[in-house]
Amino acid sequence: EVTPNAILLWDKDHKLVMGNKVAKGIQKKWGFDLKEGVDRNKMLEHVEKVGLLKIPEGMTSKEYYRGRINLSKSAKNNVFEQSFTDDTSWIVSETKLNDGGQLLVYSDITELKDKEKQVKAAQDQVRETEKRMSDALNSMPHGITMWDKDDRLSFANDFAKNIQKGAGMSFEEGIKYEDYTKKQK
């Protein structure tokens, strides 16, 4: 009972052998009394009825549950991500036991998924800012070049590139300033 994971142990007849405090708490929150001996199909019917799981876009509830059941039957072990309608996300490790039972361990990854969303949003913002800055610099009627701390060309706007092109030269990003000046001679 010290683990933050939800743990469910089912026998070969799909009856609950053991559910830890976390698993029972989650089911109780959604109005289901998860107790030893309960039938797994009854629990899944309740989960579907109350809309606990987020069903992927383009799938019906029936298709999703049928697919999960088939996956559960087809392989010895499965690991998958499950999203819930309360905006939590869990990694589920499903292990088929030698006696035909199953052990399911759910690990909450909601915080990780939230951080991934924040990183993606920040990356999108950086890309948009870079595009705006590049567009602004390219629209200027002056040749603009930017060189990094190692004297390598990191940016040349369109005007600067066209000037060089007209002189029979080209700007290649990454070229060292020293090599660029040698090309001019």
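Residues numbered from 1 in each chain as written. Predicted model: local features only at pLDDT ≥ 70, side-chain atom pairs only at ≥ 80, totals over all residues. Heavy atoms only, no water.

Engineer: Go over the overall build of the protein with me, naming the residues and quoting the values.
Structural biologist: Looking only at helices and strands, one finds 6 helices and 7 strands in the protein. Mapped from its N terminus to its C terminus, the protein presents α and β elements in the order β-β-α-α-α-β-β-β-α-β-β-α-α. For the protein, whose C-alpha radius of gyration is 29 Å, the value lies well above the compact-globule estimate of 16 Å for 185 residues. Along the first, second and third principal axes, the C-alpha set of the protein runs to 85 × 35 × 30 Å. Buried positions account for 27% of the 185 residues belonging to the protein. Of the contacts formed within the protein by residues at least 6 apart in sequence, a portion of 29% connects residues at least 24 apart. Of the roughly 12400 Å² of accessible surface on the protein, a fraction of 54% belongs to carbon and sulfur atoms. Separation between the mean location of the 32 positive side-chain charges and that of the 31 negative ones in the protein comes to 3 Å. (Helix = DSSP H or I, 4+ residues; strand = E, 2+ residues; numbered from the N terminus. Rg over C-alpha atoms; globule rule 2.2 N^0.38 Å. Buried < 20%, exposed > 50% of the residue type's maximum accessible area, 1.4 Å probe, protein only. Contact = heavy atoms within 4.5 Å. Areas by Shrake-Rupley, 256 points an atom, 1.4 Å probe, with all protein chains shown as cover. Lys, Arg positive; Asp, Glu negative; His and termini not counted. Charge placed at Lys NZ, Arg CZ, Asp CG, Glu CD.)

Engineer: So what's going on with the packing of aromatic side chains? Residues and values would help.
Structural biologist: A complete count under the given rule lists 7 aromatic pairs for this structure. A ring pair is formed by W147 and Y180, whose centres lie 5.9 Å apart and whose planes are at 45 degrees; its orientation type is tilted. On the criterion of sequence distance, the pair formed by W147 in strand β6 (residues 145-147) and Y180 in helix α6 (residues 177-184) is long-range, its members being 33 residues apart. Judged by centre distance (6.0 Å) and plane angle (45 degrees), the ring pair of Y177 and Y180 falls under tilted. Of this pair, Y177 and Y180 are both found in helix α6, 3 residues apart, which corresponds to roughly one turn of the helix. An aromatic cluster of at least three residues, connected via ring pairs, comprises W147, F171, Y177 and Y180. (Phe/Tyr/Trp six-rings, centres within 6.5 Å; stacked < 30°, edge-to-face > 60°.)

Engineer: Tell me what's going on with the pairing of strand β5 (residues 102-108), and back it up with residues and numbers.
Structural biologist: In this sheet, β5 lies alongside strand β1 (residues 6-10) in antiparallel orientation, the contact comprising 5 bridges. The partner of L8 across the bridge, within β5, is L104. Of the pairings in the sheet, the one linking strand β4 (residues 89-96) to β5 comprises 7 bridges and is antiparallel in character. Within β5, the position partnered with E94 by the bridge is L104. In this structure, the hairpin formed by β4 and β5 is closed by a connection of 5 residues, where G100 is found at a positive phi of approximately 95 degrees. (Pairing = 2+ DSSP bridges.)

Engineer: I'd like a rundown of unusual backbone geometry, residues and numbers included.
Structural biologist: Of note in the backbone geometry, H14 takes a positive phi value of approximately 65 degrees without being a glycine. Along the chain, the position of H14 falls in the loop between β1 and β2 (16-19). The partly exposed category is assigned to H14, whose relative accessible area is 37%.

Engineer: Give a description of the sheet that holds β5 that names residues and reports values.
Structural biologist: Reading across the sheet, the 5 strands line up as β2-β1-β5-β4-β3 and stay open at both edges, with antiparallel pairing between neighbours. The open sheet has two edge strands with one neighbour each: β2 and β3 (77-83). Averaged over neighbouring strand pairs, the angle between their axes works out to 15 degrees when direction is ignored. (Axes fitted to C-alpha atoms, helices over the stretch in contact; angles between N-to-C directions.)

Engineer: An account of the side chain of R40 is needed here, citing residue identities and associated values.
Structural biologist: Looking at the secondary structure, you find R40 in helix α2 (residues 40-50). Given a relative accessible area of 11%, R40 falls into the buried group. Here Q102 takes part through its side chain, which lies 2.3 Å from a polar atom of the side chain of R40. With near-sequence residues (within four places) excluded, R40 lies in contact with W10, H14, S72, E94, Q102 and L104. (Polar contact = N/O pair within 3.5 Å; in protein donor to acceptor, adjacent residues only side chain to side chain.)

Engineer: Could you give an account of the pattern of salt bridges, naming the residues involved and the relevant values?
Structural biologist: For the structure shown, the criterion picks out 16 salt bridges. Across the pair K35 and D33 runs a salt bridge whose closest N-O atoms are separated by 3.8 Å. Exposure remark for D33: the relative accessible area of 52% places this residue in the exposed category. With a shortest N-O distance of 2.8 Å, D124 and R127 are connected by a salt bridge. On the criterion of helical spacing, the pair formed by D124 and R127 is a turn pair, its members being 3 residues apart in helix α4 (residues 110-138). (Salt bridge = Lys/Arg side-chain N within 4 Å of Asp/Glu carboxyl O.)

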